[in-house]
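# What the coordinates show
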Amino acid sequence: MKKSILWAAMAAMALTACNKEEIAAPAEGQNLVYREYTATIADGVSTKVNFGEPADGKISAYFQDGDEIALTDGTNVYKGTVSKPEGEANTLIKTEVPETFALKAAYYPYEAYNDGKLTVPTTQTYGSVPVLLQSSSIEGENITFSAADAGSAVICYTLTGDIAIKEAKLYTPTTANLINYKNADYELNFDEPLALSDIPEKIYFVVSASEAKSVTLEVLAEKPEDALGTADFSYYRRKTSVIEFTSGKVIEMPLLELTKESINDGAMVWKFGSENGGANSWTAGNNGILDATNPHYAAVTMGSTYTTTQKNGDNVVELDQPYYTFRSDFGIKTGFDVNIGTYRYCAIMSDVEYIVRDGNIAIPAESGAKVNVDDKNIAGRITFDTATFGQWHGKNSANGKTGAIKTDIANTNVWYYDMLGDFGNGTFLPTNEFTTFKANQAFQFKIADLKVTLKDKNKVDIEAPTYKIYWIGFFNNTSEIQAMIDQTEAAVAGENTPAE
């Protein structure tokens, strides 16, 4: 049910403060006495931004019966309980304190208070906004509370669409480095899925006040019917500019429309092999030979360069140990669009890592040839490269990939890249619109610098290595990737099973 009023109170808020101050015990011979305070939340007259109606950067904030408030004299802290007597306008805080107690400050909610400050809960609940309040003035038995200096801000998203949101997460990194979207800073739970419609719905996150940060929203919803895997789908929306989390401020984000048709459009997977359309517009560069006649994969035999000399100052000298360099990139020249906000992972299933890292090259024993291995024990390099946005984390994507998944096919695994992250040069792809990879510009995997050095100047013909590519595609989550792996493994196993 839609909440027309957003409560500041969170009586059941699940928050544990570390090293929480306990209610002080009275000194020996000292009795606790009953005391009442009146509580008022400032209406914003004295502050630039505070919590009022859901307009002009404000939301409503008021106390509920039973809310607990921390009361302190600067040394000890006592618990006060909110009471709203029926028919009375005043909000009362009832407590028991020593006769000599002199109130210096009050904080709401009690469970968020620890050692002079309030802590924002990282797990929050839809329908309740855990606003942090602290006393802005104390006059006798009257306490005025304000959010302006309580150490929190509120981020508000207005949503329309036709999906049902099961959970929402907020990521607030302070740097432009590769963002780890596995660990959200704040989570918003729902008692039941929030069904979006044409009528705007608002969701709120309370965040700790801080310097400017990047903000990314993730919402989880049921996966589309035709999607792979079993996991719910995550949809991401990242604001392109940073936001200052000023204490007491309500930050209204632009309207987001999340319709199944728009957010799930643009899935892109290329399968290779004679049963899957052959090479599907992909090509082998650098004089490589592409063969897509196998039912399940395309095979690329790498092109080679034979080097016998090198430049030494102004002179060109013969090498005592000439070498072969093998290279053949695998790329697509036709343009395509993809929705990174939905399909965040670019993945490739291939045995190329085995070829490149382990130097699986047919070398005649009599040649004395060897694979030239660098200090990282990588013979050659695999680089995920797009002309439009640059190489993924520099020259060596073996260090830049997000993750790898092993398969049951010999020497074959899957590499995947988180396209939501930084490309390594400060470039981020948009999440609220399609990314266009242009035609006739590189979108490829560079398979290069695979070097074989000969023992002496006697040339030996080295057989060029061949690698296989089963598929390349964009996926919402690793469950989808695993489902594609399972399909491929089953198809290959079925091909190899003898007929009855």
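First, a word on scope: everything that follows refers to the structure included in this document. (Residues numbered from 1 in each chain as written. Predicted model: local features only at pLDDT ≥ 70, side-chain atom pairs only at ≥ 80, totals over all residues. Heavy atoms only, no water.)

## Things to note about the side chain of T158
- Turning to its location among the elements, T158 is positioned in strand β11 (residues 152–161).
- With near-sequence residues (within four places) excluded, T158 lies in contact with P200, E201, K202, E252, P254, L255 and L256. (Helix = DSSP H or I, 4+ residues; strand = E, 2+ residues; numbered from the N terminus. Contact = heavy atoms within 4.5 Å.)

## So, the sheet that holds strand β32 (residues 390–391)
- What the five strands build is an open sheet, ordered β22-β27-β36-β31-β32; its pairing is antiparallel. Looking at the sheet topology across the chains shown, the edges are occupied by β22 (282–284) and β32.
- Bridge analysis of β22 against strand β27 (residues 330–332) gives three bridges, and the strand direction is antiparallel. The residue of β27 that forms the bridge with T283 is G331. (Pairing = 2+ DSSP bridges.)

## With respect to the packing of aromatic side chains
- Scanning the model with the defined rule gives 29 aromatic pairs in all.
- Their ring planes at 75 degrees and their centres at 5.2 Å tell us that F63 and Y108 sit as a pair that is edge-to-face. On the criterion of sequence distance, the pair formed by F63 in the loop between β1 (32–41) and β2 (68–72) and Y108 in strand β5 (residues 105–108) is long-range, its members being 45 residues apart. There is no split in this pair, since F63 and Y108 are both buried.
- Here the aromatic rings of Y297 and Y470 are separated by 5.3 Å at their centres, their planes lie at 65 degrees, and the arrangement is edge-to-face. Here the residue Y297 occupies a position in the loop between β23 (289–291) and β24 (298–301), and Y470 occupies one in strand β38 (residues 466–475), the gap between them amounting to 173 residues.
- The exposure class assigned to Y470 is buried, which follows from its relative accessible area of 4%. (Phe/Tyr/Trp six-rings, centres within 6.5 Å; stacked < 30°, edge-to-face > 60°. Buried < 20%, exposed > 50% of the residue type's maximum accessible area, 1.4 Å probe, protein only.)

## Focus on the pattern of salt bridges
- Inspection of the entire model under this criterion finds seven salt bridges.
- With its nearest N and O atoms 3.6 Å apart, the salt bridge here joins K457 to E318. Taken together, the residues K457 in the loop between β37 (450–453) and β38 and E318 in strand β26 (residues 315–327) connect sequence positions 139 residues apart.
- Look at E318 and you get exposed, because its relative accessible area is 58%. (Salt bridge = Lys/Arg side-chain N within 4 Å of Asp/Glu carboxyl O.)

## A word on the nonpolar core
- Within the largest apolar cluster, 117 residues are counted, with the highest numbers of intra-cluster contacts made by F145, Y157, I203, F205, M419 and F474.
- The dominant element in this core, judged by the number of residues it contributes, is β11, at six residues.
- Discounting chain neighbours no more than four positions away, the residues touching M419 are I340, R344, C346, F384, W392, L429, F437 and F474.
- Of all hydrophobic cores here, the second largest spans 16 residues; its members include I405, W471, M484 and V492. (Core = buried A, V, L, I, M, F, W, Y, C linked by side-chain atoms within 4.5 Å.)

## Concerning empty space enclosed by the protein
- Summed over all chains, the structure comprises three cavities of 30 Å³ or more.
- In this model, the largest cavity occupies a volume close to 70 Å³.
- For the lining of the largest cavity, the elements supplying multiple residues, two or more each, are β29 (345–350), α2 (352–358) and β34 (413–418).
- The dominant element in the lining of the largest cavity, judged by the number of residues it contributes, is β34, at three residues.
- By volume, the second largest cavity amounts to about 40 Å³.
- Considering the residues around the second largest cavity, the lining is formed by ten residues, among which T125, Y126, G127, S128 and Y204 are closest to the centre.
- Ranked by residues supplied to the lining of the second largest cavity, first place goes to strand β14 (residues 201–208) with three residues.
- Split by residue class, the lining of the second largest cavity holds six nonpolar, three polar and one charged. (1 Å grid on protein atoms, 1.4 Å probe; cavity = no way out; pocket = protein on both sides within 12 Å on 5 of 7 lines; lining within 4 Å. Points joined across faces, edges and corners; volume = space filled by probe spheres on them. Nonpolar A, V, L, I, M, F, W, Y, C, P; charged D, E, K, R; others polar.)

## Focus: the side chain of S328
- Within the element layout of this structure, S328 appears in the loop between β26 and β27.
- Reaching out from S328, the side chain makes a polar contact with the backbone oxygen of G285 at a distance of 2.7 Å.
- In contact with S328, other than residues within four places in its own chain, are A284, G285, N286, G288, V300, T301, M302, G303, I447 and Y467. (Polar contact = N/O pair within 3.5 Å; in protein donor to acceptor, adjacent residues only side chain to side chain.)

Everything listed is a geometric property; what it means functionally is a separate question.
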